[in-house]
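Residue strings, one per chain:
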Amino acid sequence: LWDDLKRGYMDLDEDEFPTGALGAGTFWGLLANLPNALQRTHLVGHLGNLRTFGRETPVPTMAPDKGYDPAGAAFRGDVLPMMTYVAALGAQRAG
């Protein structure tokens, strides 16, 4: 689900409520051509935003907020090549 405050797509928890955590999966929406023009701008903007996904080594699997682990812990902040690829390809297709 799109979240206007986080400006990205949120996963749902086991009770089908948004998790509130901005994960790298948000960039899959770009590949599926889901976001409108403003949403695309916000998503691509996350890649350069140091408070979300703009890191020295892009793209962490989770923005540094809810649930983030600075040591990585797989989908809690590690950089996984497949997610970086999805984000880069999605940004390229978004223009």
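Calculation notes
Residues numbered from 1 in each chain as written. Predicted model: local features only at pLDDT ≥ 70, side-chain atom pairs only at ≥ 80, totals over all residues. Heavy atoms only, no water. Helix = DSSP H or I, 4+ residues; strand = E, 2+ residues; numbered from the N terminus. Buried < 20%, exposed > 50% of the residue type's maximum accessible area, 1.4 Å probe, protein only. Contact = heavy atoms within 4.5 Å. pLDDT = per-residue confidence, 0-100. Phe/Tyr/Trp six-rings, centres within 6.5 Å; stacked < 30°, edge-to-face > 60°.

## Considering the environment of Val 44
Logical step 1: Turning to its location among the elements, Val 44 is positioned in helix H2 (residues 37–46).
Logical step 2: Val 44 gets classed as partly exposed once you look at its relative accessible area, which sits at 31%.
Logical step 3: Sequence spacing of Val 44 and Tyr 68 is 24 residues, and the spatial spacing of their C-alpha atoms is 20 Å.
Logical step 4: Those residues within four positions of Val 44 in sequence are excluded, and the remaining contacts are Leu 30, Ala 91 and Ala 94.

## Some words on the environment of Pro 18
Logical step 1: Secondary-structure assignment places Pro 18 in the loop between strand E2 (8–9) and helix H1 (28–31).
Logical step 2: In this structure, the C-alpha to C-alpha distance between Pro 18 and Arg 40, residues 22 residues apart in sequence, is 20 Å.
Logical step 3: Residue contacts for Pro 18: discarding those within four places in its chain leaves Leu 1, Met 10, Asp 11 and Leu 12.

## Some details on the confidence of the model for the protein
Note that predicted coordinates carrying low pLDDT should not be read in detail.
Logical step 1: Across the protein, pLDDT averages 87, with 99% of residues at or above 70.
Logical step 2: Averaged over each element, pLDDT in the protein is lowest for helix H3 (residues 81–94) (89) and highest for H2 (95).

## Quick look at the packing of aromatic side chains
Logical step 1: According to the stated counting rule, one finds two aromatic pairs in the structure shown.
Logical step 2: Both rings, one in Trp 2 and one in Tyr 9, keep their centres 5.0 Å apart while their planes meet at 80°; by these two values the pair is edge-to-face.
Logical step 3: Accessibility expressed as a relative area gives 18% for Tyr 9, which makes it buried.
Logical step 4: Their ring planes at 70° and their centres at 5.2 Å tell us that Phe 27 and Phe 53 sit as a pair that is edge-to-face. Pair noted here: Phe 27 is in the loop between E2 and H1 and Phe 53 is in the loop between H2 and H3, with a separation of 26 residues, a long-range link.
Logical step 5: When its relative accessible area of 0% is taken as the criterion, Phe 27 is described as buried.
Logical step 6: With a relative accessible area of 0%, Phe 53 lands in the buried category.

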